[in-house]
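One-letter residues, chain by chain:
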Amino acid sequence: MALNKNLLIVKMAVMAEHLHGSTLSASGAPHPIPFLTLEQKAAFVFVLLLFIFLGLLIVRCFRILLDPYSSMPSSTWTDYMEKDT
């Protein structure tokens, strides 16, 4: 009899812990666990912004490599050409 009583107490404790551990809404359905925490979302957005910034820098560097004189003001290199002639 004591063994059945102890087993019943253990089962009730496990059931109570299970019910307490899962958050239930008013309808009785468990709330979905969020896929990412707030800190993970913030880090993801920060890394995404860094990748966008890196992409813009890469595009700018390639444009300078393809046409280096377009990014330079014309007064800096035309003055030297006039002095040579």
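Residues numbered from 1 in each chain as written. Predicted model: local features only at pLDDT ≥ 70, side-chain atom pairs only at ≥ 80, totals over all residues. Heavy atoms only, no water.

Let's talk about the overall build of the protein chain
If you tally the helices and strands in the protein chain, you get three helices and zero strands. Overall, the protein chain shows an N-to-C arrangement of helices and strands of α-α-α. The buried share among the 85 residues of the protein chain stands at 0%. (Helix = DSSP H or I, 4+ residues; strand = E, 2+ residues; numbered from the N terminus. Buried < 20%, exposed > 50% of the residue type's maximum accessible area, 1.4 Å probe, protein only.)

Focus on the UniProt feature "transmembrane region" (unreviewed entry) in the protein chain
The feature "transmembrane region" (unreviewed entry), as given by UniProt, occupies residues 42-62 in the numbering adopted here. Counted over residues 42-62, helix gives 100% and strand 0%. Its end C-alpha atoms are 30 Å apart. (UniProt positions renumbered as here; feature names shortened; annotations may be inferred.)

A closer look at a nonpolar patch on the surface
Side chains of Phe46, Val47, Leu50, Phe51, Leu54, Ile58, Phe62 and Leu65 sit close together on the surface and give an oily, nonpolar patch of about 840 Å² of accessible area. Residue placement: Leu50 occurs in helix 2 (residues 38-66). The class of Leu50 is partly exposed, set by a relative accessible area of 43%. (Patch = residues over 30% accessible without salt bridge, like charges linked within 9 Å, V, L, I, M, F, W, Y side chains within 5 Å. Areas by Shrake-Rupley, 256 points an atom, 1.4 Å probe, with all protein chains shown as cover. Salt bridge = Lys/Arg side-chain N within 4 Å of Asp/Glu carboxyl O.)

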